[in-house]
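Residues per chain are reported as follows:
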Amino acid sequence: MNSNITDTNDFFKDKVLGHPAGLFVLFFTEMWERFSFYGMRALLVLFFTASLFDEGWGWPREHASALFGSYVGLVYLSTMLGGYFADKIIGFRWAIVVGALLMTLGHGAMAVETPFFIYTGLALLVFGNGFFKPNITSIISEMYKNHQEKKDGAYTIFYMGVNAGAFFGILLCGYLGEKVGWSYGFGLAGIFMLFGLIQFWLAQNIFGDIGLKPKKEEQVKISEDDNDKRVPFSKGQLVLITICSVVGILWILNDPAAKISEGSFNIFDFQILGLEGNNFVIITALVLFLGLLIYRLTKYSQLTKEKLIAVTFFAFLTIFFWAIFEQSPNTLTVFAKDYTDRILEGTSAYIFKVINTLIAIVPLGIITWVLWLLFKQTFAKYKWSNIILATSFVIVWGVTIWMISNEFKASSYNIIYSNVNGKTEEVKIISSEAYKENDVIKVKDIQSLSIYDQKEESKGKNKIENGYLIDGKGNQVGECLAANVVGFSKESKPGAFGTTVNNVDVVITNSFGKSVSKKIKISSEEKSLLNVGDEILVKIAHSIKYDLDQASETTATISSINSAVEIPASWFSILNSLFIIAFAPLFSKWWESKYNPSANMKYGIGMFLLAIGMACVAFGANGIEPGAKTASVSIIWLILVYLFHTMGELCISPVGLSYVSKLVPARMIAFMFGVWYLAVAIGMKGAGKFGENIDKIADTEGISYFFWMLTIVSVVVGVISILFEPIVKKLMHGVR
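The structure displayed is predicted, hence computed values, not measured ones.

Asks: Where do I start with the packing of aromatic side chains in this structure?
Replies: Here the distance between the centres and the angle between the planes together describe a pair of aromatic rings. This structure, assessed with the given rule, holds 46 aromatic pairs. Here the aromatic rings of Phe48 and Trp59 are separated by 4.6 Å at their centres, their planes lie at 15°, and the arrangement is stacked. Placement of the pair is Phe48 in helix α1 (residues 21–49) and Trp59 in the loop between α1 and α2 (61–110), with a sequence separation of eleven residues. Here Phe48 falls in the buried class, since its relative accessible area comes to 0%. Between the aromatic rings of Phe85 and Phe131, the centroid separation amounts to 5.7 Å while the plane-to-plane angle is 45°, which identifies the pairing as tilted. Here Phe85, found in helix α2, pairs with Phe131, found in helix α3 (residues 115–143); they are 46 residues apart in sequence, far enough to count as distant. A relative accessible area of 28% places Phe85 in the partly exposed class. Its relative accessible area of 11% is what places Phe131 among the buried residues.

Asks: Teacher, can you tell me more about helix α7 (residues 235–260) here?
Replies: Owing to its 3.6 residues per turn, the α-helix brings residues three or four apart onto one side. A rise of 1.5 Å per residue sets the reference length of α7, with its 26 residues, at 38 Å; its end C-alpha atoms lie 38 Å apart and thus fit the reference within 8%. If you look at α7, its biggest bend is around 30°, right at Asn254, and the proline Pro256 turns up within four residues after that. After α7 finishes, the residue Glu262 shows a positive phi value of roughly 60°.

Asks: Is there a simple way to think about a nonpolar patch on the surface in this case?
Replies: Taken together, the side chains of Leu17, Tyr350, Val354, Leu358, Val362, Ile366, Trp369, Trp372 and Phe408 present a nonpolar region at the surface, about 910 Å² in accessible area. Sort the elements by how many residues they give to the nonpolar patch and helix α11 (residues 346–378) lands first, with seven residues.

Asks: Is there a simple way to think about the confidence of the model for the protein in this case?
Replies: As a general rule, the predicted coordinates of low-pLDDT regions are not to be interpreted in detail. Considering every residue of the protein, the mean pLDDT works out to 87; 94% of them sit at 70 or more. Counting contacts from residues 1–6, a segment whose pLDDT is below 50, to residues more than four positions away or on other chains yields 20 contacts.

Asks: Just to check I follow, could you spell out the environment of Ser523 for this structure?
Replies: The topology assignment puts Ser523 in the loop between β13 (515–522) and α14 (524–528). With 84 residues separating them in the primary sequence, Ser523 and Asp439 have C-alpha atoms 42 Å apart.

Asks: What exactly am I supposed to notice about the packing of α2 against helix α5 (residues 182–203) here?
Replies: The packing of two helices is summarised by the inter-axis angle and the distance between the axes. One can describe the packing of α2 onto α5 by two numbers: an axis separation of 8 Å at closest approach and a directional angle of 160°. In terms of orientation, α2 and α5 fall into the roughly antiparallel class. Note on packing geometry: the crossing formed by α2 with α5 is left-handed. Within the contact between the two elements, α2 uses Arg93, Trp94, Ile96, Val97, Ala100, Leu101, Met103, Thr104, His107 and Met110 and α5 uses Phe186, Ala189, Gly190, Met193, Leu194, Leu197, Phe200 and Trp201.

About the criteria used
Residues numbered from 1 in each chain as written. Predicted model: local features only at pLDDT ≥ 70, side-chain atom pairs only at ≥ 80, totals over all residues. Heavy atoms only, no water. Phe/Tyr/Trp six-rings, centres within 6.5 Å; stacked < 30°, edge-to-face > 60°. Helix = DSSP H or I, 4+ residues; strand = E, 2+ residues; numbered from the N terminus. Buried < 20%, exposed > 50% of the residue type's maximum accessible area, 1.4 Å probe, protein only. Expected span 1.5 Å × (residues − 1). Bend = angle between axes of the 7 residues up to and from the residue. Patch = residues over 30% accessible without salt bridge, like charges linked within 9 Å, V, L, I, M, F, W, Y side chains within 5 Å. Areas by Shrake-Rupley, 256 points an atom, 1.4 Å probe, with all protein chains shown as cover. Salt bridge = Lys/Arg side-chain N within 4 Å of Asp/Glu carboxyl O. pLDDT = per-residue confidence, 0-100. Contact = heavy atoms within 4.5 Å. Axes fitted to C-alpha atoms, helices over the stretch in contact; angles between N-to-C directions. Parallel < 35°, antiparallel > 145°, perpendicular 65-115°, else oblique. Left-handed = near helix turned anticlockwise from the far one by under 90°.

Structure follows, in structure tokens:
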């Protein structure tokens, strides 16, 4: 990008915290973009897996993980498209505007919650991220190209904006989505993306000529300065890359579609060599692409070839890092929702409320102070941009204070209600509404019904007593009642391309002789084994929640009250951003010291820390029986997971792209960044593939076994990284 028209020294005339005011325009633009991205992402799997009674889509976890993996994978693949358009056609600035606009529309579409708008919203978010993500940092690079000594500090400040946005996005969008309604969480993400877009557009002149339409002179200059051996792409190689790319895109789209539609939509519906078509095509595409990559590596000069091999090795390790790290918004969020005791009472609840208040108010106060410093420097020239930014902060303060106030009002109510069997049960709910003992309220009785497999009794895992199902540890895990099959029906599966699911219609006679009609989702295989008139056992698990609208039919009487809080399942994801802000300076000092480890050691340490995190949650889940859909594990295990995973991220995430820029010749940067982002995309999709198997493994071996498997994979990859250190060190030729 040629920005000679702009003297970069001019940027340092209006300074905030020793840096150009323009850096903080980018800081707040990126902060609101990350707010929207992470805020929506924290809700995605929760929304898909929430029951229809909870206004979700009621998908199995496997299907939600499949779509999640494809979405985040496409987000990283799209950066190649956005980077190309910015470099060759529209420039950084317009790419940011286009990306922000697409993401605003995407979040707005998702707030509608219908299948058409959810999928349209996800598509817009993929392309929007592609245009936005790679280009905003390019403007920083141009601003500081004659001030290299200030660049590290600039990126540190900028990435604080990244983590501040992620922190508040997950905290506020997650809270609204889980406590009020999914559309409110999705909508809030869109509102702040819009604020980020408008304030950037109104203040863009602060960047001078940087980021305008690209010129050809710089491309020529790079070519003149680079005397290394050229290995141009032949037409055949370009065709092969195109074929692999098209097949890869089709696969990443078809994989979740085939699962969600139960096979009714599948463009690779065939088998070759014993492999399903979906698996065959992606394996073939990856083998062809790797073959081309290896072939091209052999054609470069020895020095370039060895450096590129080192980069490729780190890209390979990166796949496994992201596949395991990205369990955070996927299986770890599911674990937080269904298997973690998130209800705190009494003193514990009060301590959490105080801590939650501090971690929300203190960072927001600091960022508001930075906003005030920016106002003092830029308000005269960019009044409307500052007014828009100020408005966004008024709203975020308002939502934060409302959230805190709501949490301090929350109480736990022990309530008595009648279950399906006609018997009274006492359970606990959380509400911010004020009630007294003996008040009658409306609650949602969200029931999960399934046909009970009597083989579980013969295995000694469960037994039935007085209409209740008792697990191997003597815990009551639901009702188990006799029912008569009276018919079969079908209903549409939300967001599944017109696919229908089978129901068996049953009548349950409870202990008081009352008949209760129910529908149970069944597979085609289960349907083939049933006939009208059959008597079966039905397992019923309950999730009792306060009805915000007080419109449900189920009534309950309050028996006792206590101060309490229910931590949202998405809340635990904020710990990643919080720990990054806390530990990043310490790791930075470590890298600058004489004890700075090699690249391989950093990857090894990072993977071992990832393993320790997964081992924590695996250990915490040890007592959960195979097949259990709920449990009450302590929150400490999830806190430890995010602590160790964040330290692992600090070892690995900043290192990878740094080595691409250090080891790769300038003319090849774009291609190798493409290879790198391809590796990240594969890792993201790998996270979804891991997540797809959580129920299969949890049902047979227990959910702890799933996390122990991820622990072992992390350790193996870490060992590989350390063992290859001597070889990779030689390949890097002194680059650190």
